[in-house]
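Chain by chain, the residues:
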2 protein chains.
Amino acid sequence: MEIELIATGDELLEGTIADGNGLWLMERLAALGLPVRRKTTVRDRRDDILDAFRAASGRSDLLICSGGLGPTSDDITAECAAEAAGAPLVQDDATWESIRARLERRGIAATENNRRQAMVPKGARVHANRFGTAPMIEVAIGRSRAFLLPGVPREFVGLCEEILLPQLGALSAGAPVRRVRVLRCFGIAESHLDDALDGLAARFPGLSIGYRTTLPENHVRLVVVGPKAEQADAVLEEATREALRRIGPACFGSDGATLPGAVARALRARNATVALAESLTAGLGAALLADEPGASDWLRLSVVAYTDDAKRAVLGIPAELLATDGAVSERVAAAMAEGARRLGGSTFGLSCTGLAGPGTGGSPEPVGTVFTALSAPDGETRVVRHRFGGDRERIRRFTAYAMADALRRHLGGTAGPA
Amino acid sequence: MEIELIATGDELLEGTIADGNGLWLMERLAALGLPVRRKTTVRDRRDDILDAFRAASGRSDLLICSGGLGPTSDDITAECAAEAAGAPLVQDDATWESIRARLERRGIAATENNRRQAMVPKGARVHANRFGTAPMIEVAIGRSRAFLLPGVPREFVGLCEEILLPQLGALSAGAPVRRVRVLRCFGIAESHLDDALDGLAARFPGLSIGYRTTLPENHVRLVVVGPKAEQADAVLEEATREALRRIGPACFGSDGATLPGAVARALRARNATVALAESLTAGLGAALLADEPGASDWLRLSVVAYTDDAKRAVLGIPAELLATDGAVSERVAAAMAEGARRLGGSTFGLSCTGLAGPGTGGSPEPVGTVFTALSAPDGETRVVRHRFGGDRERIRRFTAYAMADALRRHLGGTAGPA
């Protein structure tokens, strides 16, 4: 099966944003054993879009097109697809009703512009989009089956996950099986992961290993290709066990697992709760943990005490300590974690204080210096000194992760055999 | 001048790596007023590359192709270009000598494979590559001038910087000028922006308008193309003023401006500070504001009070109020904003309480219901009831923006004429 992607949008040709949708989908298709043959990116111009549809539909079986399904006048993908298919554009009443109802629920009156999103090539199959207004349109163009998807990443990914990829997965039966497992790690360098897994690929038939840094996480990809599903699955399981044994506690989960999820599981298992006192992360630490649904069961409180005043008044950090050690110090980090635990009435307290830059505010420490602390019910408070590289955003993000990871490791929340 | 990019390489269609060369070059070309019309990514297959050259050379003036100039058998770009140009492949003696000398200096004997890199279409112009072995090849194909560059980023970027871009810059001296302004908005639907700006493009020579949603922001792109720089600049300024007048306070800035930056500017102008009390955003509100460097000057405190206990104990929300109205209510939002302002000793207090889902925790309100409040030094507290659509992450992100935006609008921090 020959697959082509078509991405529309002036902004994709100006270098300001990459087509993350396309990249994501290519990877997912490759995982199904369905590689992409060609990708074409065109402006929001009728001639260009039409030509892309016509050329692609003359040579490939499946076209997946993203973008240009919005309500504005430069959204012309559906009408171009209709013209390429030789079909008139007609209103899909169910879509129009759902758009009206959706907007109404949010107190917005539908305009004639919104009606554009309900216009589809006659004979097309319309797949409702529960992530947004524009539906996914499935239409025959020439020898191809074309799927038109909105370019908004959430909607694109949602529709692919729920409808498109399962359909294509069924089509790909019979092809060589490809199994992938991603091991998600934090607190270990890519080169160390590579060392730890040295020689592993040679020990298992059809196994290859790849590394990818998606800051602040490092991911290991184990890929097994083989003729039979059961065999590939078995090899993948065994290789995963061996990889986890070698990587150790830096791996917090596999595939779709998240660090907040690992923290949540470990806390729930002990019926424990946590409170935070944050400085440089300014709320990112709590926000990271609260990415996990149901976090209100175990995340009791976070105090963002950006200033010394706030550290004193709200967290009870002694003014003398701030004066002698400075806000960015081991003892202030410890006092913050203990203050958070006391104030939140929680099992654990977490804290961070450090220098995200650009300036150091008079501190003798360099930018990137960060202390994280964990106050535990055994009465001990453990402080770790970090030195993170990069800019303000990177330092804050690594710090938020480091706080969550300190709690995970303390609770033993590592990835078991998947 | 119509420009197309062609990128070759199986790896670019597998989703594991993005084509950074293309993204970089697009941005550089846009800055020269030379936008890219289309980009095609193809596998390392003869038929696909040949077809890409033939189709592109039939419609565009300039083709820039990356990849496939290496010494291995899957490097076939030069021979495909020769075939598309209808010219034989011949050895460029100067290139062959330089490859031999380059390898010799590193103690490597040149092989017949290396000779492939010296083979160019007859009549092509060869530009020496001081960053690597493969030269840049300039060849006429159909009506187009094609430049073939190696895909190694260091070589690609080096050759573009030193040879290609200066040449194109000279070409573009007489070309129409292109000026772009992005107006960044929050709290207005894309379809309403389109309505507000209806007819604007027709009123200014060379103006076109595009829309882009980068949740939770909506962006309006004003593009002016004209023969002269001063004229295009003047049209853009005037069109921007008119667009801002029509859009109203929903626009918080233009081009690289950010919402936290607009808040920071407005607060600094009044020497004012802010403190937050957050529930569902769990720190995202403070983290958003702290994206702005130097936020510690005006962001005093944020309390993430996820639980009723924390709302009572830390923010002083009366237990009776929580019992009668529920945590997700107008009066609790107001009391949280006032509590934050008091606790932080700040000029303003901001708060949010709402239901991010998936569950509603027994609240009678539906998921997506959010109250944001602003407590101001005039003694008034303004509460807004929102109804956000989408999933947990989207609702939290919109809420964080809504808090910041309430303060911005209160302070009059709208985009002036840029």
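Residues numbered from 1 in each chain as written. Chains lettered and ligands numbered in written order. Predicted model: local features only at pLDDT ≥ 70, side-chain atom pairs only at ≥ 80, totals over all residues. Heavy atoms only, no water.

Caption draft 1: Geometry of the overall build of chain A. Of regular secondary structure, chain A possesses 15 helices and 17 strands. Dimensions of chain A, computed from the C-alpha atoms along their principal axes, are close to 80 × 60 × 40 Å. Classification of the 418 residues of chain A by burial places 56% in the buried group. Contacts in chain A between residues at least 24 apart in sequence constitute 67% of all its contacts with a sequence separation of at least 6. Of the charged side chains in chain A, 50 are positive and 52 negative, and the gap between their average positions amounts to 3 Å. (Helix = DSSP H or I, 4+ residues; strand = E, 2+ residues; numbered from the N terminus. Buried < 20%, exposed > 50% of the residue type's maximum accessible area, 1.4 Å probe, protein only. Contact = heavy atoms within 4.5 Å. Lys, Arg positive; Asp, Glu negative; His and termini not counted. Charge placed at Lys NZ, Arg CZ, Asp CG, Glu CD.)

Caption draft 2: Representation of the pattern of salt bridges. All names here are of chain B. Applying the stated rule across the entire model yields 74 salt bridges over all chains. Arg 46 serves as the salt-bridge partner of Glu 79, at 3.4 Å between the closest nitrogen and oxygen. Separated by 33 residues along the polypeptide, Glu 79 in helix 3 (residues 77–85) and Arg 46 in helix 2 (residues 46–57) bring together distant segments of the chain. Note on Glu 79: relative accessible area 29%, which makes it partly exposed. Note on Arg 46: relative accessible area 35%, which makes it partly exposed. Linking Glu 237 and Arg 181 is a salt bridge whose minimum nitrogen-to-oxygen distance equals 3.1 Å. Residue Glu 237 is located in helix 9 (residues 229–247), and its partner Arg 181 is located in strand 9 (residues 177–185); the two are separated by 56 residues in the primary sequence. (Salt bridge = Lys/Arg side-chain N within 4 Å of Asp/Glu carboxyl O.)

Caption draft 3: Here's a closer look at the packing of helix 2 (residues 46–57) of chain A against helix 3 (residues 77–85) of chain A. Residues and elements named next belong to chain A. Packing of helix 2 against helix 3 brings their axes to within 9 Å, and their N-to-C directions diverge by 50°. When the interaxial angle is binned, helix 2 and helix 3 end up oblique. Of the two elements, helix 2 crosses helix 3, and the hand of that crossing is right-handed. Taken together, the residues of helix 3 that come into contact with helix 2 (itself represented by Arg 46, Ile 49, Leu 50, Phe 53 and Arg 54) are Thr 77, Glu 79, Cys 80, Ala 81, Glu 83 and Ala 84. (Axes fitted to C-alpha atoms, helices over the stretch in contact; angles between N-to-C directions. Parallel < 35°, antiparallel > 145°, perpendicular 65-115°, else oblique. Left-handed = near helix turned anticlockwise from the far one by under 90°.)

Caption draft 4: Representation of empty space enclosed by the protein. Applying the stated criterion across every chain, the model contains three cavities of 30 Å³ or more. The computed volume of the largest cavity comes to approximately 280 Å³. Taken together, the elements giving at least two residues each to the lining of the largest cavity come down to helix 1 (20–31) and strand 2 (36–42) of chain A together with helix 1 (20–31) and strand 2 (36–42) of chain B. Residues of the lining of the largest cavity, tallied by class, amount to 11 nonpolar, four polar and four charged. (1 Å grid on protein atoms, 1.4 Å probe; cavity = no way out; pocket = protein on both sides within 12 Å on 5 of 7 lines; lining within 4 Å. Points joined across faces, edges and corners; volume = space filled by probe spheres on them. Nonpolar A, V, L, I, M, F, W, Y, C, P; charged D, E, K, R; others polar.)

Caption draft 5: Examining the side chain of Asn 113 of chain A more closely. Looking at the element boundaries, Asn 113 of chain A is found in helix 5 (residues 112–115). Exposure remark for Asn 113 of chain A: the relative accessible area of 17% places this residue in the buried category. A polar contact of 2.7 Å, which involves the side chain of Asn 113 of chain A, links it to the side chain of Asp 194 of chain B. Apart from the residues lying within four places of it in its own chain, the contact partners of Asn 113 of chain A are Pro 71 of chain A together with Ser 191, Asp 194 and Asp 195 of chain B. (Polar contact = N/O pair within 3.5 Å; in protein donor to acceptor, adjacent residues only side chain to side chain.)

Caption draft 6: Summary view of the domain arrangement of chain A. Residue and element names in this part refer to chain A. Structurally, chain A comprises domain 1 (3–171), domain 2 (177–254) and domain 3 (259–410). A straight line from the C-alpha centre of domain 2 to that of domain 3 covers 31 Å. Taken together, the contact pairs nine residues of domain 2 with 10 residues of domain 3. Of the roughly 870 Å² buried between domain 2 and domain 3, counting both surfaces, carbon and sulfur atoms make up 62%. Of all residues in domain 2, the largest losses of buried area upon contact with domain 3 belong to Phe 186, Pro 216 and Phe 252, amounting jointly to 64% of the total for that side. Applying the counting rule to domain 2 against domain 3 returns zero salt bridges. Our enumeration of links across domain 2 and domain 3 arrives at three residue pairs in polar contact (both at pLDDT 80 or more). Among the residues making up the side of domain 2 that touches domain 3, the classes are represented as seven nonpolar, one polar and one charged. (Domains from an automatic or database assignment. Buried area = accessible area lost by both parts, 1.4 Å probe.)

Caption draft 7: The arrangement of the packing of aromatic side chains in detail. All names here are of chain A. Throughout the structure, instances matching the rule amount to eight aromatic pairs over all chains. Here the aromatic rings of Trp 24 and Phe 156 are separated by 6.5 Å at their centres, their planes lie at 75°, and the arrangement is edge-to-face. Of this pair, Trp 24 sits in helix 1 while Phe 156 sits in helix 6 (residues 153–171); the two residues are 132 residues apart in sequence, bridging distant segments of the chain. Consider the rings of Phe 186 and Tyr 401, whose centres lie 5.3 Å apart with planes at 45°: the pair is tilted. With Phe 186 in the loop between strand 9 (177–185) and helix 7 (190–196) and Tyr 401 in helix 15 (residues 392–410), this pair connects stretches of sequence that are 215 residues apart. Of the residues examined, Tyr 401 reaches a relative accessible area of 5% and is grouped as buried. What links up through ring pairs into an aromatic cluster is the set Phe 186, Phe 388, Phe 398 and Tyr 401. (Phe/Tyr/Trp six-rings, centres within 6.5 Å; stacked < 30°, edge-to-face > 60°.)

Caption draft 8: Broad picture of the sheet that holds strand 11 (residues 217–226) of chain B. All names here are of chain B. One open sheet holds the four strands; their spatial order is 10-11-9-12, and the pairing between them is antiparallel. Across the chains shown, the open sheet's two edge strands, defined by having one partner strand only, are strand 10 (207–214) and strand 12 (251–254). Strand-to-strand twist in this sheet, taken as the mean axis angle between neighbours without regard to direction, amounts to 25°. Where strand 10 lies against strand 11, eight bridges are found, and the strand directions are antiparallel. (Pairing = 2+ DSSP bridges.)

Caption draft 9: Molecular detail of helix 1 of chain B. Residue and element names in this part refer to chain B. For helix 1, spanning 12 residues, the distance from its first C-alpha to its last is 17 Å, which sits close to the expected 16 Å at 1.5 Å a residue. If you check which residues of helix 1 are buried, you get Asn 21, Gly 22, Leu 25, Met 26, Leu 29 and Ala 30. Along the long axis of helix 1, the arc covered by the buried residues comes to 155°, so they all point the same way. Each element contacted by the buried residues of helix 1 is listed here: strand 1 (3–8), strand 2, strand 3 (62–66) and helix 6 (153–171). After helix 1 finishes, the residue Gly 33 shows a positive phi value of roughly 75°. (Expected span 1.5 Å × (residues − 1). Arc of directions from axis to C-beta.)

Caption draft 10: The arrangement of the environment of Asp 297 of chain A in detail. Residue and element names in this part refer to chain A. Within the secondary structure, Asp 297 sits in the loop between helix 11 (284–289) and strand 14 (299–305). The exposure class of Asp 297 is exposed, given its relative accessible area of 52%. Contact partners of Asp 297, with chain neighbours within four places excluded, come to Arg 268 and Thr 273. A distance of 3.0 Å separates the side chain of Asp 297 from the side chain of Arg 268, its partner in a polar contact.

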